[in-house]
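Next come the chains, spelled out residue by residue.
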Amino acid sequence: MRSVFAAALAALALFCGGGRALAAPVEISISCASLGVELRLCTEAANRWAAKTGNRVKIVSTPNSSTDRLALYLQMLASRSQAFDVLQIDVVWAGVLADHLIDLRPYMGDAPRAHFPVLIRNDTVDGRLVAMPWWTDVGVLYYRKDLLAKYGYAPPRTWQEMTRIARAVQAAERARGNVRLWGYVFQGRAYEGLTCNALEWIDSFGGGHIVSASGEITVDNPLAVQALALAGSWVGDISPRGVLNYDEEAARGVFQTGAAVFMRNWPYAWALAQSPDSPVRGKVGVVPLPSGGAGGKTSGVLGGWHLAVSRYSKHPAEAASLVAYLTSAPEQKIRAIEASYNPTYPALYDDPQVLAANPFFAELLPSLENAAARPSRIAGPHYNRLSSDVWRAAHDILAGEAAPTRVAELEADLDRLKYRARW
Ligand code: GLC
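Here is what the cut-offs are and how they apply
Residues numbered from 1 in each chain as written. Predicted model: local features only at pLDDT ≥ 70, side-chain atom pairs only at ≥ 80, totals over all residues. Heavy atoms only, no water. Helix = DSSP H or I, 4+ residues; strand = E, 2+ residues; numbered from the N terminus. Buried < 20%, exposed > 50% of the residue type's maximum accessible area, 1.4 Å probe, protein only. Contact = heavy atoms within 4.5 Å. Areas by Shrake-Rupley, 256 points an atom, 1.4 Å probe, with all protein chains shown as cover. Lys, Arg positive; Asp, Glu negative; His and termini not counted. Charge placed at Lys NZ, Arg CZ, Asp CG, Glu CD. Expected span 1.5 Å × (residues − 1). Near = heavy atom within 4 Å. Polar contact = N/O pair within 3.5 Å; in protein donor to acceptor, adjacent residues only side chain to side chain. 1 Å grid on protein atoms, 1.4 Å probe; cavity = no way out; pocket = protein on both sides within 12 Å on 5 of 7 lines; lining within 4 Å. Sits in = over half its atoms within 2 Å of the grid points. Core = buried A, V, L, I, M, F, W, Y, C linked by side-chain atoms within 4.5 Å. Domains from an automatic or database assignment. Buried area = accessible area lost by both parts, 1.4 Å probe. Salt bridge = Lys/Arg side-chain N within 4 Å of Asp/Glu carboxyl O. Nonpolar A, V, L, I, M, F, W, Y, C, P; charged D, E, K, R; others polar. Points joined across faces, edges and corners; volume = space filled by probe spheres on them.

1. Digging into the overall build of the protein
Helix and strand content of the protein: 19 helices and 11 strands. Principal-axis analysis of the C-alpha atoms places the extent of the protein at approximately 95 × 50 × 30 Å. Across the 423 residues of the protein, 55% fall into the buried class. Counting only contacts in the protein whose residues sit at least 6 apart along the sequence, the fraction spanning at least 24 positions is 72%. Carbon together with sulfur atoms contributes 56% to the accessible area of the protein, which is approximately 17,400 Å² in total. Taking the average location of the 42 positive side-chain charges in the protein and that of its 39 negative ones, the two points are 3 Å from each other.

Below is the structure:
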């Protein structure tokens, strides 16, 4: 009698969810960006997970601008909104959002060990793994192979050379009736993307990382001033004034329609520039960003997006399962082949299919490994404030303010922030 009772109890326990396979299906909502083909990729991958696990997914599209997306998240998380179970977060937000995110470590098994260690360190805040890397990014220079060949130029190695080539090709092409052509497009709008560009200019001149590894504000130095002054000189010369309002997609729009010689962007723009309906298909090359000349070096900023689970999710285990699935190597391989998103697994950089789809990935690996980190670990929860001070100063310089005085003001603003934030 007892054994029949025990067996019945065991069967009941299994049915009630002791066995996960029988747990009632739930709906997990995930925030995805819609830059380029991101929304389609995210939807397809999340649907694969849903089909595999029997759960449902709800895709919530969020603004393209990283800055606008953060504002939305902060507002929703502050009200403990359950609208998102899984959040796509920028590599620089681990410290900003950590308090609203669960520790994923118990759900991920050995998976974190196979990613670039620097990314796992980035996502570990006070010992908690608050996100898992989904793809990594580094700023690169796109150039028109056909136009450089036509005028006998090799891809530039310094920003000064880039400026000269851009100016010469722009003038020569305009004289031949190609009047819409500009020399250089980049992200000049006042938002996170401009902080990335500004840090690349400054670091490539040897002017440091804005904040030193020990937390000192270092931006007010002659090399940083020179770098920002050169960028300021581009506007109205080799870059349209509209660049003051360009984000990634605006810059890509101009470059991909054939109206720019050079573009600074992330690797995702490669697959789109090469797509069958792209007017510049077959005419584009990618190289590391130029250096600031003597004493400088090439510097691409580390970017990328990671996945996190909201602390207010009603289904953290299922949400973590979706994160584990989307960040797995097979899923990252699909994104790399279909849309040039850089995997966060070093092993995928040796994969012949990944390399066939993205011939420049092999060359990109050193840029990725040496990518310049924005000072988000030092600033932690204050990073967005720090970055907005940086992008406002850079934007003012692009709009015509004198670099030496504006950089001195930026240094003072950041010193005040450092004092209040006590880092
Ligand atoms: C890209 C990067 C991200 C960066 C953003 C700025 O999406 O991956 O890290 O913050 O661009 O616009």
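Next comes the rest of the description.
2. Here's the deal with helix H2 (residues 38-53)
In this model, H2 (16 residues) spans 23 Å end to end at C-alpha, consistent with the 22 Å of a helix rising 1.5 Å per residue. Glu-38, Leu-41, Cys-42, Ala-45, Ala-46, Trp-49 and Ala-50 are the residues of H2 that are buried. Where H2 is buried, its residues meet strand S1 (27-32), strand S2 (56-61), strand S3 (86-90), strand S6 (132-138), helix H13 (316-326) and helix H14 (329-339). Of the residues one or two after H2, Gly-54 is the one with positive phi, at around 85°.

3. Re the site of the ligand
The environment of the ligand is formed by 13 residues, the closest being Asp-90, Asp-137, Glu-248, Gly-304 and Trp-305. Separating an oxygen atom of the ligand from a side-chain N or O atom of Asp-90 is a distance of 2.5 Å. Trp-305 is positioned such that a nitrogen or oxygen atom in its side chain is 2.8 Å from an oxygen atom of the ligand. Judged by the proximity of its atoms to the pocket grid, the ligand belongs to the largest cavity. Sorting the residues of the shell around the ligand by element identifies helix H9 (192-204) and strand S11 (302-309) as the ones contributing at least two each. For the shell around the ligand, the leading source of residues is S11, giving three residues.

4. Let's talk about the nonpolar core
The biggest cluster of nonpolar side chains holds 136 residues, and the ones touching the most others in it are Trp-201, Trp-234 and Phe-262. It is helix H18 (residues 383-398) that contributes the most residues to this core, eight residues altogether. If you count residues domain by domain, this core takes at least three from each of domain 1 (4-137 + 303-362) and domain 2 (140-300 + 375-421). Non-local contacts of Trp-234, meaning those with residues more than four positions away in its chain, are made with Trp-159, Met-162, Thr-163, Tyr-184, Phe-186, Trp-201 and Ser-239.

5. With respect to the domain arrangement of the protein
When the domains of the protein are assigned, the result is domain 1 (4-137 + 303-362) and domain 2 (140-300 + 375-421). Computed over C-alpha atoms only, the centres of domain 1 and domain 2 are separated by 31 Å. Listed as interface residues are 27 residues of domain 1 and, on the opposing side, 19 residues of domain 2. Interface area lost by domain 1 to domain 2 is led by Thr-67, Val-92 and Phe-360, which between them contribute 27%. The interface formed by domain 1 and domain 2 holds one salt bridge in total. Taking the shortest distance from any N to any O, the salt bridge between Asp-68 and Arg-189 comes out at 3.6 Å. Counting across the interface, domain 1 meets domain 2 through six residue pairs in polar contact (both at pLDDT 80 or more). Among the secondary structure elements, those contributing two or more residues to the side of domain 1 that touches domain 2 are helix H3 (66-78), helix H4 (94-97), helix H6 (117-122) and H14. When residues of the side of domain 1 that touches domain 2 are assigned to their parent elements, the largest contribution, four residues, is made by H3. Of the residues that constitute the side of domain 1 that touches domain 2, the class distribution is 10 nonpolar, 12 polar and five charged.

6. What to know about the layout of surface pockets
Its boundaries defined by the atoms lining it, the largest pocket holds a volume of some 490 Å³. Together, 22 residues line the largest pocket, and Val-118, Leu-302, Ala-373, Arg-374 and Arg-377 are the ones closest to its centre. Sorting the residues of the lining of the largest pocket by element identifies H6, helix H16 (361-369) and helix H17 (376-379) as the ones contributing at least two each. Broken down by element, the residue count for the lining of the largest pocket peaks at four residues, all from H6. A breakdown of the residues in the lining of the largest pocket according to their chemical character gives 13 nonpolar, five polar and four charged. Taken domain by domain, the lining of the largest pocket gets at least three of its residues from each of domain 1 (4-137 + 303-362) and domain 2 (140-300 + 375-421).

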